[in-house]
Amino acid sequence: MNKSFRLLVFTLDSQRYALRFDVVERVVRAVAVTPVPEAPENVLGIINVQGRIVPVINMRLCFHHQEKEICTSDQFIIITTALRTFALAADSVLGVVQCPTERVVPSREILPHLERVEGVMILPDGMILISDIDRILSIDEVTALDGRLENLGAEVGEEWQEPGNEL
């Protein structure tokens, strides 16, 4: 019996990436991001998602793409992992695909210790890199970010809400 799983496919420049659909909460249009001093390098800042403060991960930096300003046509993929909820900044979201396991080459077979990539899905029109969402931020980076966000919350008060920056 062939097994498969669902992936949400997104782009950075013209490269397609994907992540397992079971971590996806929703996809929203990009909004203004509030920078967080002393956050890990690949954290753009924070956004307000229905009253929750959510860190925004710079996927361009994670996958070594040239930096660009976030624009209104970009999208944020809101995900929930075992560690916390994040927003991933993407150029576009192409949709959900069913991925047969036999079409995936695990990253360890390509390059041992390949960071941030779980595997590669091979298609007739190219490849899709499957993100290893648990390795986007290290546990140390998440711990440091959590500490910084707690400090930030104490500095501005729990009732803080940036006007016009809520999803």
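One can find the structure itself at the top, above this paragraph.
Rules of the game
- Residues numbered from 1 in each chain as written.
- Predicted model: local features only at pLDDT ≥ 70, side-chain atom pairs only at ≥ 80, totals over all residues.
- Heavy atoms only, no water.
- Helix = DSSP H or I, 4+ residues; strand = E, 2+ residues; numbered from the N terminus.
- Buried < 20%, exposed > 50% of the residue type's maximum accessible area, 1.4 Å probe, protein only.
- Contact = heavy atoms within 4.5 Å.
- Areas by Shrake-Rupley, 256 points an atom, 1.4 Å probe, with all protein chains shown as cover.
- Core = buried A, V, L, I, M, F, W, Y, C linked by side-chain atoms within 4.5 Å.
- Salt bridge = Lys/Arg side-chain N within 4 Å of Asp/Glu carboxyl O.
- Pairing = 2+ DSSP bridges.
- Axes fitted to C-alpha atoms, helices over the stretch in contact; angles between N-to-C directions.

A. Expanded view of the overall build of the protein. Each helix and strand counted, the protein has three helices and 11 strands in total. The linear arrangement of helices and strands in the protein, starting from the amino end, is β-β-β-β-β-α-β-β-β-β-α-β-β-α. For the protein, buried positions account for 43% of its 167 residues. For the protein, restricting intrachain contacts to residue pairs at least 6 apart in sequence, the fraction spanning at least 24 positions comes to 60%. For the protein, the exposed area adds up to about 9400 Å²; of that, 51% sits on carbon and sulfur atoms.

B. Focus on the nonpolar core. One finds I57, I77 and I79 to be the most contacted residues of the largest nonpolar core, which totals 26 residues. The residues contacting I77, other than those within four sequence positions of it, are L8, F10, L19, V24, R26, V27, F86, A87, L88, A90 and V93.

C. Main features of the pattern of salt bridges. Tallied over the full model, the rule gives seven salt bridges. Ionic pairing is found between D91 and R60, a salt bridge with its closest N-O pair at 3.0 Å. Residue D91 is located in the loop between β7 (85-90) and β8 (92-100), and its partner R60 is located in helix α1 (residues 59-62); the two are separated by 31 residues in the primary sequence. Like D91, the residue R60 is buried in the burial classification. One network of salt bridges, with partners in common, ties together D13, R60, K68, D74 and D91.

D. Geometry of the sheet that holds strand β5 (residues 52-57). Here five strands make up an open sheet; going across it, the order is β3-β6-β7-β5-β4 and the pairing mixed. Looking at strand neighbours, the two that pair on one side only are β3 (24-29) and β4 (43-49), the edges of this open sheet. For this sheet, the mean inter-axis angle between neighbouring strands, taken without regard to orientation, is 30°. Note that strand β6 (residues 75-80) and β7 share six bridges and pair antiparallel. What sits directly across from Q75, in β7, is A90.

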